[in-house]
Amino acid sequence: MRPIWMDWATRLQSIAQAGLTFTQDKYDHDRYQEIRELSVEIMQHYTEAGTEKITALFASETGYQTPKVDIRAAVIRDKKILLIKEKIDGKWALPGGWADVNTSVSESVKRECIEEAGADVVPRRILALLLANRHNDPLLLYTTYKIIVECDLVSISFSENTETSDAGFFGPDEIPGLSTGRTTMKQIELCFKATREKIFEPIFD
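Anyway, here's the lowdown on the structure attached to this text.

Reading the values: the criteria
The written sequence of each chain sets the order in which its residues are numbered from 1. Thresholds applied to this predicted model are a pLDDT of at least 70 for local features of residues and 80 or more for the giving and counting of side-chain atom pairs; totals over whole chains, interfaces and linings are not thresholded and use all residues. Only hydrogens and water are removed before side-chain values are computed, so all heavy atoms of the structure are retained for them. Note on conventions: DSSP H or I runs of at least 4 residues are helices, E runs of at least 2 residues are strands, and numbering of each starts at the N terminus. The length a helix should cover is 1.5 Å for every residue beyond the first. Burial classes follow relative accessibility: with a 1.4 Å probe on protein chains only, a residue under 20% of its type's maximum area counts as buried, one over 50% as exposed, and anything between as partly exposed. Note on contacts: a residue pair qualifies if any of its non-hydrogen atoms lie within 4.5 Å across the two residues. A patch consists of residues exposed above 30% relative accessible area that lack any salt bridge, with like charges linked at up to 9 Å and nonpolar side chains (Val, Leu, Ile, Met, Phe, Trp, Tyr) linked at up to 5 Å. The Shrake-Rupley method, run with a 1.4 Å probe, gives the accessible areas here. Residue values count only the displayed protein chains as cover. Any carboxyl oxygen of Asp or Glu that lies within 4 Å of a side-chain nitrogen of Lys or Arg is treated as forming a salt bridge with it. All axes here are fitted lines through C-alpha atoms, helices being fitted over the stretch that makes contact, and every angle between N-to-C directions spans 0 to 180 degrees. Reported orientations rely on four angle classes, namely roughly parallel under 35 degrees, roughly antiparallel over 145, roughly perpendicular from 65 to 115, and oblique for the rest. Each crossing is labelled by how the near helix is turned from the far one, with a counterclockwise turn of less than a right angle marking it left-handed and a clockwise turn marking it right-handed. Under the scheme applied here, ten amino acids are nonpolar (Ala, Val, Leu, Ile, Met, Phe, Trp, Tyr, Cys and Pro), four are charged (Asp, Glu, Lys and Arg), and all others, including Gly, are polar. What is meant by a nonpolar core is a set of buried Ala, Val, Leu, Ile, Met, Phe, Trp, Tyr and Cys residues, joined one to another through side-chain atoms within 4.5 Å. Stacked, edge-to-face and tilted labels apply to pairs of Phe, Tyr and Trp rings (six-membered ring for Trp) whose centres lie within 6.5 Å, assigned for plane angles under 30 degrees, over 60, and everything in between, in that order.

With 19 residues, helix α1 (residues 4-22) ought to run about 27 Å at 1.5 Å a step, and its terminal C-alpha atoms sit 27 Å apart, in line with that. Within the span of α1, buried status applies to W5, M6, A9, T10, Q13, A16, Q17, A18, G19 and L20. Here the buried face of α1 lies against α2 (26-46) and α3 (51-58).

Further remarks concern a nonpolar patch on the surface. Residues L129, Y145 and F204 make up a contiguous nonpolar surface patch of about 310 Å² in total accessible area. Relative to the assigned elements, Y145 resides in strand β6 (residues 144-156).

The contact between α1 and α2 brings their axes to 8 Å, and the two run at 155°. Classified by the angle between their axes, α1 and α2 sit roughly antiparallel to one another. Crossing geometry of α1 relative to α2 is assigned as left-handed. Along its contact with α1, which presents W5, M6, A9, T10, L12, Q13, I15, A16, Q17, G19 and L20, the element α2 presents H29, Y32, Q33, I35, R36, L38, S39, I42, M43 and Y46. For the contact of α1 with α2, the per-class residue count stands at 13 nonpolar, seven polar and one charged.

Further remarks concern the nonpolar core. Ranked by internal contacts, the top residues of the largest apolar core, which has 18 residues, are I81, L83, L127, I148, I175, I188 and C191. If you list the elements that add at least two residues to this core, you get β2 (80-86), β5 (119-131) and α5 (185-195). Broken down by element, this core gets its largest block of residues, five residues, from α5. For I81, the residues in contact, after removing those within four places along its chain, are V75, I76, L94, G168, F169, F170, I175, I188, C191 and F192. Judged by nonpolar contacts, the second largest core, of 16 residues, contains V75, I84, A117 and I147.

Attention shifts here to the packing of aromatic side chains. Under the counting rule described, the total for this entry stands at three aromatic pairs. Ring plane angle 10° and centroid distance 4.6 Å describe the contact between W5 and Y46, whose orientation is recorded as stacked. A residue pair is termed long-range when its members are at least 10 positions apart, and W5 in helix α1 and Y46 in helix α2 qualify at 41 residues. Look at W5 and you get buried, because its relative accessible area is 15%. Taking relative accessible area as the criterion, Y46 reaches 47% and is therefore assigned partly exposed.

Limitation: the analysis is restricted to geometry and does not speak to function.
As structure tokens, this is what we get:
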């Protein structure tokens, strides 16, 4: 469960960022900046991350604060699902990552599959749109929507790259250690379930 202090800190940060964006008053600007710094202090107190890292990840953006978008591909072939091995932690996940600006969901998921798995895919349908902190660990400092897209595989030719060291297909009983901040076992089970159903109602929240 998301701790209450994290809710307080993220709410303060969101209020401060909106205030810094829209206020026309110098004194209000200073007050909102102080609120933002207080949110960073709360995060620093309860986590092991330093002020510089927290500020960079959590309190450095401008404009009205909106969720980040993480797009993941569900590619199943012969009743096995495609996973990639992350270099950052040596664990496995569905291919995917942050959506780029000026790109659609389909364009983003196709790009991630090529870059991380060497897989050419055709996106078919959205299986889930999830609030990451309700489904994945560890908890993130910022709000993230995770979109899982079912894709048909056209071809695959993996080459090691800056993000991933391996890619492969795994059956339901063969799933390796997962990078749970990116992909959970429940999400993989959801993907297998959806591909068995011609009509599948996407889950959300």
